[in-house]
Amino acid sequence: MNRIDYLMLSSIFDHEHARTMGRSVLLNDNMDMAFDLNSDSQLASGSPKRIDFATIMICTQGRMTLKLNLMDYEVRPGDVLILAPSTIGQDVLVTPDCQLCMICFSEEVYNETSKNTISQQLRNYILRDPAKIHLSADYLQMAVSHYRLMRQLMGDEHFAYLAEAIRAHVTVLSALFVQCIEEERSHQTELSHQERLFNRFLQDVREHHHESRQVSFYADRLCISAKYLSHVVKDISGRQPMEWIRDYVLLNAKTLLRSGQYSVQQVSELLAFPNPSFFGKYFREHVGCTPREYQMQGSL
């Protein structure tokens, strides 16, 4: 098992089919060269990894399922999945016929390309959660064409304006994606009051699970009673609020433990447990092993 917790852009630069711009942009696909995406993916195992780069994945064939920030995603032909840096991914599974184009940016390039208006709009859409959009056949063809042109430019060692050209292609892709997102949203029915409350609850849990594990804390933030919050969350998701809070706490705990950067005591403090012993009991109850045992499994 790999000890990688943070999936670094530098760790995927050595793939033989990848095209790169310095150490900041990477393009890869399996459209013209077959390789096993399941064995090749560092997210295939159940161990969560925090992805330190922005990613655009375009599916042209087959199907992929994965978890991102604890939410299930299914990607089919014509779908595009867009991830901001620091997204937590796990459990990637692809069908044998799955074909993907992948564009990865370092956080520095991601921030730089987001300075123009259209890229900033796209960034706002994926600020809290990954975006999955569906392209029409024409838009899919255009997106793949831009991807292929970017690969071709990256293969020309004499091309002097590569960075400028890549930014231009990314801007065009961003425009396509923003157009599709806005069209999809214009056809969506307005969310109910309960659905809006549930979405705000999840947002608060993502942002504050390291501060509190109490349902009352989140109910107070929403200005409703804990009983009503439990009713809403159960009605919308089929799960209790405490289950969502627990899953986010454990996801972050696993990520921190496997990072190799923190001791069990430090993780306990980062997640607002009163002491390492309490954290250990909590972790073992839900995961089936102690934090230290989980940490050591990742170094085998």
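Here, every reference points to the structure presented above.
It should be emphasised that the depicted structure is a prediction, and the values quoted were computed from it without experimental measurement.

**A look at the packing of helix H6 (residues 193–208) against helix H9 (residues 241–258)**
Part 1 of the reasoning: Look at H6 against H9: their axes get within 10 Å of each other, and the N-to-C directions meet at 30 degrees. The two elements H6 and H9 meet at a crossing, and its hand is right-handed. For the pair H6 and H9, contact is made by Phe198, Phe201, Leu202, Val205 and Arg206 and by Pro241, Trp244, Ile245 and Tyr248, respectively.
Part 2 of the reasoning: Here the residues of the contact of H6 with H9 sort into eight nonpolar, no polar and one charged.

**Quick word on the pairing of strand E11 (residues 131–134)**
Part 1 of the reasoning: Burial along E11 is one-sided: Ala131 and Ile133 are buried, while Lys132 and His134, pointing the other way, are not.
Part 2 of the reasoning: Where strand E8 (residues 79–83) meets E11, four bridges bridge the pair, whose relative direction is antiparallel. When the bridges of E11 are listed, Leu81 appears paired with Lys132.

**Topic: the environment of Arg258**
Part 1 of the reasoning: Looking at where Arg258 falls in the secondary structure, it is placed in helix H9.
Part 2 of the reasoning: Polar contacts involving the side chain of Arg258 include one to the main-chain carbonyl oxygen of Tyr294, which spans 3.0 Å.

**Description of H9**
Part 1 of the reasoning: Taking 1.5 Å per residue as the helical rise, H9 with its 18 residues ought to reach 26 Å, and the 26 Å between its terminal C-alpha atoms agrees with that figure.
Part 2 of the reasoning: Buried residues dominate H9, accounting for 14 of its 18 residues.
Part 3 of the reasoning: Just downstream of H9 lies Gly260, where phi reads positive at about 75 degrees.

**What about the environment of Leu100?**
Part 1 of the reasoning: If you trace the backbone, Leu100 turns up in strand E10 (residues 99–105).
Part 2 of the reasoning: For the pair Leu100 and Met64, spaced 36 residues apart in sequence, the C-alpha separation works out to 9.3 Å.

**A few points about unusual backbone geometry**
The bulk of non-glycine residues show a negative phi, and the bulk of peptide bonds are trans.
Part 1 of the reasoning: For Ser86, which is not a glycine, the phi torsion comes out positive at approximately 80 degrees.
Part 2 of the reasoning: Phi at Ala272 is positive, roughly 65 degrees, even though this residue is not glycine.
Part 3 of the reasoning: With respect to the secondary-structure elements, Ala272 resides in the loop between helix H10 (264–270) and helix H11 (276–287).
Part 4 of the reasoning: The exposure class assigned to Ala272 is partly exposed, which follows from its relative accessible area of 35%.

**A closer look at the state of the cysteines**
Part 1 of the reasoning: Applying the stated criterion to the full structure yields zero disulfides.
Part 2 of the reasoning: For the unlinked cysteine Cys101, the closest cysteine sulfur is that of Cys59, found at 9.1 Å.

**A short note on the side chain of Arg213**
Part 1 of the reasoning: Structurally, Arg213 can be placed in the loop between H6 and helix H7 (215–221).
Part 2 of the reasoning: Buried charged residue Arg213 carries no salt bridge. Nearest counter-charge: Glu285, at 9.9 Å.
Part 3 of the reasoning: Within the structure, Arg213 has its side chain in polar contact with the backbone oxygen of Leu271 (distance 3.2 Å).
Part 4 of the reasoning: With sequence-adjacent residues up to four places away left out, Arg213 is seen in contact with Met242, Ile245, Val249, Leu271, Ala272, Phe273, Pro274, Phe278 and Tyr282.

**Notes on the pairing of E10**
Part 1 of the reasoning: Here E10 lies mainly inside the structure; five of its seven residues are buried.
Part 2 of the reasoning: Alignment of strand E3 (residues 25–29) against E10, held across five bridges, turns out to be antiparallel. The residue bridging Asp29 from the neighbouring strand is Cys101, located in E10.
Part 3 of the reasoning: Note: strand E5 (residues 54–61) against E10, seven bridges, orientation antiparallel. In the sheet register, Thr55 faces E10, and the bridge partner there is Cys104.

Conventions we followed
Residues numbered from 1 in each chain as written. Predicted model: local features only at pLDDT ≥ 70, side-chain atom pairs only at ≥ 80, totals over all residues. Heavy atoms only, no water. Axes fitted to C-alpha atoms, helices over the stretch in contact; angles between N-to-C directions. Helix = DSSP H or I, 4+ residues; strand = E, 2+ residues; numbered from the N terminus. Left-handed = near helix turned anticlockwise from the far one by under 90°. Contact = heavy atoms within 4.5 Å. Nonpolar A, V, L, I, M, F, W, Y, C, P; charged D, E, K, R; others polar. Buried < 20%, exposed > 50% of the residue type's maximum accessible area, 1.4 Å probe, protein only. Pairing = 2+ DSSP bridges. Polar contact = N/O pair within 3.5 Å; in protein donor to acceptor, adjacent residues only side chain to side chain. Expected span 1.5 Å × (residues − 1). Disulfide = S-S within 2.5 Å. Lys, Arg positive; Asp, Glu negative; His and termini not counted. Salt bridge = Lys/Arg side-chain N within 4 Å of Asp/Glu carboxyl O.

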